[in-house]
Amino acid sequence: MQCDKCGDEAVMSAAYSGQHLCADHFTRSVESRVRRRIRADALLSDDATPAAPETWLVGLSGGKDSAVLTQVLHDTFAADPRVELVAVTIHEGIDGYRDASLEASVELTEILDVEHEVASYADEYGIEMDAVADEDPLDMAPCAYCGVFRRDALSQYAEAFGADKLLTGHNLDDEAQTAMMNLLSGDVRQIAKQFDASLGSFEDRDLADAPFVPRAKPLRDVPEKEVALYAHLRNLPTHVAECPHASEAYRGEIRDHLHALEAEHPGTRHSIMAGYEDLARLAAEAYRDGADAPRGTCDRCGAPTGGEVCRKCDLLGELGGEVSGDA
Ligand code: SF4
Ligand code: ZN
């Protein structure tokens, strides 16, 4: 199989686009999709200047997705004085697993000379995921706690750091799974909230008085397999292992369905995301007009929440852990 562009040996073929690409043209194609997404999302604001640069905090787990995001952002913006890149790794307290991926994160940021910070559930909340998985007071899957804590820890860290944007390495498969899970849950308000928090272009989001650092996902047009191939071809230091507490059974079911659909109907993930983003924008606009979206803050930690106490403080209460946030 030959590269469509140069005739060299192809390293990938994508059914959804019909393209066959060699290593060189494939890596360029990933980079141009990420850069196109950054432009389409108006990620770099017109107000950013060399004298007043924006700080972009990158959530770096040490896995392939966030490593690829960090590398491509570095290649694109290292010489741009309007952007300062900082990476943060959240240590969940999972023996063995996160230590190895933290090493990969340290190695990558040292190679790229990107500032690297580490935060932990132990420091933030006085808990470790190994103990949470053992105790499990609410009889939930460990990921149900861990997802809430990670989201909160990243947000709190971004806020305390004074970051302008929080960037995560979610790829096309992650995003299509989340879209399907949100659609199947029937919670349109949640879909609307996702638009302003992390999905839409910065030109279309309502961020006035937003009580959070806005998120962006520049890899969201790139399928998971291509992210993995990119990390491999560029020899990025990554840690590939499954977390011992991995337990997202429902997401796993959705992933299997989407794989089957994509195999039969190439392009399904792209079309889901195109439609989902339109729907999320329309829902966000409708709720804004209705002005009935609750935007309160948590009584205990000050994080944004629709209720009196945020989900993280709720869970920490069940775990008997300390609440250290004071955002
Ligand atoms: Fe946390 Fe689940 Fe991810 Fe493990 S797999 S780090 S428990 S969210
Ligand atoms: Zn709270």
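Quick summary incoming for the structure in this document.

## Structural notes on the pattern of salt bridges
No. 1: Applying the stated criterion to the full structure yields 24 salt bridges.
No. 2: Notably, a salt bridge pairs Glu54 with Lys165, separated by 3.0 Å at the nearest N-O pair. Here Glu54, found in strand 3 (residues 54-59), pairs with Lys165, found in strand 6 (residues 165-167); they are 111 residues apart in sequence, far enough to count as distant. Each member of the pair Glu54 and Lys165 is classed as buried.
No. 3: Across the pair Arg269 and Asp173 runs a salt bridge whose closest N-O atoms are separated by 3.2 Å. Of the two residues, Arg269 sits in helix 11 (residues 268-290) while Asp173 sits in helix 7 (residues 172-185), which places them 96 residues apart along the sequence. By the burial criterion, Arg269 is buried, and Asp173 matches it.
No. 4: Three or more residues joined by partner-sharing salt bridges are found here, namely Arg37, Asp41, Arg220, Asp221 and Glu277.

## Describing helix 7
No. 1: Counted at 1.5 Å a residue, the expected span for helix 7 with its 14 residues is 20 Å, and the 20 Å between its end C-alpha atoms agrees.
No. 2: Of all 14 residues that make up helix 7, 10 are buried, and the element is covered over most of its length.
No. 3: By the burial criterion, the buried members of helix 7 are Leu172, Asp173, Asp174, Glu175, Ala176, Gln177, Thr178, Ala179, Met181 and Asn182.
No. 4: A distance of 2.9 Å separates the backbone nitrogen of Asp173 from a side-chain oxygen at the start of helix 7, and that oxygen is part of Asn171.
No. 5: Positive backbone phi, approximately 75°, marks Gly186, located one or two places after helix 7.

## Let's talk about the environment of Ala283
No. 1: Here Ala283 shows up in helix 11.
No. 2: Residues Ala283 and Ala192, spaced 91 residues apart in sequence, show a C-alpha to C-alpha distance of 5.0 Å.

## Some details on the environment of Cys146
No. 1: Mapping Cys146 onto the fold places it in helix 6 (residues 142-161).
No. 2: A relative accessible area of 9% places Cys146 in the buried class.
No. 3: For the pair Cys146 and Glu128, spaced 18 residues apart in sequence, the C-alpha to C-alpha distance is 9.7 Å.
No. 4: Excluding its chain neighbours within four sequence positions, the residues that come into contact with Cys146 are Glu92, Tyr121 and Met129.

## Notes on the site of ligand 1
No. 1: Every residue near ligand 1 is listed here: Glu92, Ile94, Cys143, Cys146, Arg150, Cys243, His245 and Ala246.
No. 2: Counted by class, the shell around ligand 1 contains five nonpolar, one polar and two charged residues.

## Focus: the coordination of the zinc ion (ligand 2)
No. 1: Surrounding the zinc ion (ligand 2) are the protein donor atoms Cys298 (SG), Cys301 (SG), Cys310 (SG) and Cys313 (SG), at 2.3 to 2.4 Å.
No. 2: Around the zinc ion (ligand 2), the four donor atoms sit at angles spanning 103 to 116°, and that spread fits a shape best called tetrahedral.
No. 3: The sequence pattern formed by the donor residues of the zinc ion (ligand 2) is C-x2-C-x8-C-x2-C.
No. 4: Owing to a relative accessible area of 3%, Cys301 belongs among the buried residues under this scheme.

## A few points about the sheet that holds strand 3
No. 1: Taking strand neighbours across the sheet as the criterion, the five strands line up as 5-4-3-6-7 in an open arrangement whose pairing is parallel. Edge positions in the open sheet fall to strand 5 (115-120) and strand 7 (215-216), since each of these has one partner strand only.
No. 2: When strand 6 meets strand 7, the two strands line up parallel, connected through two bridges. Along strand 7, the bridge assignment pairs Leu167 with Ala216.
No. 3: Sheet strands touched by helix 3 (residues 97-112): strand 4 (83-91) and strand 5. Its angle to strand 4, the strand with the most contacts, is close to 165°.
No. 4: Those strands touched by helix 6 are strand 3, strand 4, strand 5, strand 6 and strand 7, and its axis lies near 140° from that of strand 4.

## Some remarks on a negative patch on the surface
No. 1: Judged by side-chain charge, Asp95, Asp99, Glu103, Glu107, Glu110 and Glu128 come together as a negatively charged surface patch.
No. 2: Checked against the element boundaries, Glu103 lands in helix 3.
No. 3: Assessed through its relative accessible area of 59%, Glu103 is described here as exposed.

## Here we look at the packing of aromatic side chains
No. 1: Under the counting rule described, the total for this entry stands at five aromatic pairs.
No. 2: Here the aromatic rings of Tyr121 and Tyr125 are separated by 5.9 Å at their centres, their planes lie at 50°, and the arrangement is tilted. Of the two residues, Tyr121 and Tyr125 are both situated in helix 4 (residues 121-125); the distance of four residues between them amounts to about one turn of the helix. With respect to class, Tyr121 is no different from Tyr125; both count as buried.
No. 3: Arranged with centres 5.8 Å apart and planes meeting at 75°, the rings of Tyr121 and Phe149 form a pair that is edge-to-face. In this pair, Tyr121 is assigned in helix 4 and Phe149 in helix 6, connecting sequence segments 28 residues apart.
No. 4: Classification of Tyr121 as buried rests on a relative accessible area of 0%.
No. 5: An aromatic cluster is present here, built from Tyr121, Tyr125 and Phe149 joined pairwise through their rings.
No. 6: Lys165 extends its terminal NZ or CZ atom over the ring of Phe202, reaching a point 4.6 Å from the ring centre.

The rules behind these values
Numbering of residues begins from 1 in every chain and follows the order in which that chain's sequence is written. Lettering of chains starts at A and numbering of ligands starts at 1, both following the order in which they are written. Local features in a predicted model are, by the rule used here, given only for residues with pLDDT of at least 70; side-chain atom pairs are given and counted only at 80 or more, and totals for whole chains, interfaces and linings are based on all residues. Only hydrogens and water are set aside; all other atoms, that is, all heavy atoms of the structure, feed into the side-chain values. The rule for a salt bridge is simple: a side-chain nitrogen of Lys or Arg has to be within 4 Å of a carboxyl oxygen of Asp or Glu. A run of H or I in DSSP becomes a helix once it reaches four residues, and a run of E becomes a strand once it reaches two; helices and strands are each numbered from the N terminus. Note on exposure labels: buried denotes an accessible area under 20% of the residue type's maximum, exposed denotes more than 50%, and partly exposed covers the range between, all computed with a 1.4 Å probe on protein chains only. In this scheme, a helix's expected span is set at 1.5 Å multiplied by one less than its residue total. For the purposes of these results, a polar contact is taken to be a pair of N or O atoms within 3.5 Å, where, inside protein, one atom must be able to donate a hydrogen and its partner to accept one; residues adjacent in sequence count only when each atom of the pair is a side-chain atom. Any pair of residues with heavy atoms lying within 4.5 Å of one another is described as a contacting pair. Only a single heavy atom is needed: when it lies within 4 Å of a molecule or strand, its residue is near that molecule or strand. Following the grouping adopted for this structure description, the nonpolar residues are Ala, Val, Leu, Ile, Met, Phe, Trp, Tyr, Cys and Pro, the charged ones are Asp, Glu, Lys and Arg, and the polar ones are all others, Gly among them. Atoms of type N, O and S within 2.8 Å of a metal are treated as its donors, and for Na, K and Ca the window is 3.2 Å; water is not considered, so some sites may appear to be missing partners. Square planar and octahedral sites, with four and six donors, are those where opposite donors lie more than 155 degrees apart and all other angles lie between 65 and 115, tetrahedral sites have four donors with every angle between 85 and 135 degrees, and the rest are irregular. Following DSSP output, two strands are said to pair if at least two bridges run between them. For helices, the fitted axis covers only the stretch in contact; all axes are lines through C-alpha atoms, and the angles between them, taken along N-to-C directions, range from 0 to 180 degrees. For patches, a residue must show more than 30% relative accessible area and have no salt bridge; joins then use 9 Å for like charges and 5 Å for nonpolar side chains, namely Val, Leu, Ile, Met, Phe, Trp and Tyr. All accessible-area figures derive from a Shrake-Rupley calculation using a 1.4 Å probe, and residue coverage is judged against the displayed protein chains alone. Charge assignment: positive for Lys and Arg, negative for Asp and Glu; neither His nor the chain ends contribute. Where a charge lies is defined by one atom per residue type, namely NZ (Lys), CZ (Arg), CG (Asp) and CD (Glu). In this scheme Phe, Tyr and Trp rings, the latter by its six-membered ring, pair at centre separations within 6.5 Å, and the angle between planes marks the pair as stacked below 30 degrees, edge-to-face above 60, and tilted otherwise. By the criterion adopted, a ring carries a charge over it if an Arg CZ or a Lys NZ lies within 6 Å of its centre and within 35 degrees of its normal.

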